[in-house]
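# Residue-level structure breakdown
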Amino acid sequence: MNSIVRDSDVVELSDPPAFSFGQKLRANRTIRNDGTYRGKEIGEVLVNKGQVGYVVSIGTFLQQFYIYGVEFLESGYRVGMKRKELEPVDACEEIDDLPLPEES
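Notes on the structure follow. (Residues numbered from 1 in each chain as written. Predicted model: local features only at pLDDT ≥ 70, side-chain atom pairs only at ≥ 80, totals over all residues. Heavy atoms only, no water.)

### Some remarks on the nonpolar core
The nonpolar side chains of a soluble globular protein tend to be buried, and buried together. Which entries qualify depends on this criterion: For this analysis, a nonpolar core means a set of buried residues of the types Ala, Val, Leu, Ile, Met, Phe, Trp, Tyr and Cys, connected via side-chain atoms within 4.5 Å. Only protein chains enter the accessibility calculation, which uses a 1.4 Å probe; a residue is then buried when its area is under 20% of its type maximum, exposed when over 50%, and partly exposed in between. Secondary structure follows DSSP: runs of H or I at least 4 residues long count as helices, runs of E at least 2 residues long count as strands, and numbering of each begins at the N terminus. The contact rule is simple, with two residues in contact once any of their heavy atoms fall within 4.5 Å.
Formed by 15 residues in total, the largest nonpolar core has its most connected members in V47, Y68, F72, V79, M81 and L86. Of all the secondary-structure elements, those providing two or more residues to this core are strand 1 (24-27), strand 3 (45-47), strand 5 (65-72) and strand 6 (78-81). Once residues within four sequence positions are removed from consideration, Y68 is found in contact with P17, A18, F19, V55, S57, I58, V79, G80, M81, K82, R83 and L86.

Dropping the structure here:
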């Protein structure tokens, strides 16, 4: 039981979740299987840094953290992640990715 790492000074549950259902997020680090992802080897990469996904569930862990279930469309994996492992994809960035209409 001593192998669980706790950020004892952080208690996110006293505030509302940082992200909402359906929100588009980007992984800000590579996530490997810690043994909780069924069917994958421990240490196998589940999410690469920069991969984009959407929040499909919000839970808690250790009565301290929110855990966001994020569905990553590229890999098809649904992975539970902490706030510090994610960053929002800005709406402005999405608009910049859209192609411009052709001039006649």
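### What to know about the sheet that holds strand 5
The cut-off we apply is this: A pair of strands is considered paired only if DSSP assigns at least 2 bridges between the two. As a rule, the C-alpha atoms of each element are fitted with a line to give its axis, helices using only the stretch in contact, and angles between N-to-C directions run from 0 to 180 degrees.
Strand order in this open sheet of five strands is 6-5-4-1-7, and the pairing throughout is antiparallel. At either margin of the open sheet sits one strand with a lone partner, and together these are strand 6 and strand 7 (86-88). For this sheet, the mean inter-axis angle between neighbouring strands, taken without regard to orientation, is 45 degrees. Pairing between strand 5 and strand 6: four bridges, direction antiparallel. Residue E71 lies in a different strand from strand 6, and its bridge partner there is R78.

### Structural notes on the environment of L86
Residue position: L86 is located in strand 7. In the structure, L86 is positioned 18 residues away from Y68 in sequence and 9.2 Å away in space, judged by C-alpha atoms. The residues touching L86, leaving out its near neighbours within four places in the chain, are F19, L25, R26, A27, N28, Y68, V70 and M81.

### Observations regarding the pattern of salt bridges
Short version of the rule: By definition, a salt bridge exists where a carboxyl oxygen of Asp or Glu is found within 4 Å of a side-chain nitrogen of Lys or Arg.
Inspection of every chain in the model, using the stated rule, returns three salt bridges. Across the salt bridge formed by R78 and E71, the nearest N and O atoms sit 2.8 Å from each other.

### What about the packing of aromatic side chains?
The cut-off we apply is this: Here a pair means two rings of Phe, Tyr or Trp (six-membered ring of Trp) with centres within 6.5 Å. Their orientation is stacked below 30 degrees between planes, edge-to-face above 60, and tilted elsewhere. Lysine NZ or arginine CZ positioned within 6 Å of the ring centre and within 35 degrees of the ring normal marks a charge as sitting over the ring.
Under the criterion given, the structure shown has three aromatic pairs. Summarising the aromatic geometry, the rings of Y37 and Y77 are spaced 5.4 Å apart at their centres and angled 70 degrees between planes, so their arrangement reads as edge-to-face. On the criterion of sequence distance, the pair formed by Y37 in the loop between strand 2 (31-32) and strand 3 and Y77 in the loop between strand 5 and strand 6 is long-range, its members being 40 residues apart. The exposure class of Y37 is partly exposed, given its relative accessible area of 21%. Residue classification places Y77 among the buried residues on the basis of a relative accessible area of 18%. Ring centres of Y66 and Y68 lie 6.3 Å apart, and the angle between their planes is 40 degrees; on these two criteria the pair is classed as tilted. Taken individually, Y66 and Y68 each receive the classification buried, so the pair is uniform in this respect. One aromatic cluster is present, formed by F19, Y66 and Y68 through successive ring pairs. Lying over the aromatic face of F65, K82 brings its terminal NZ or CZ to 4.0 Å of the ring centre.

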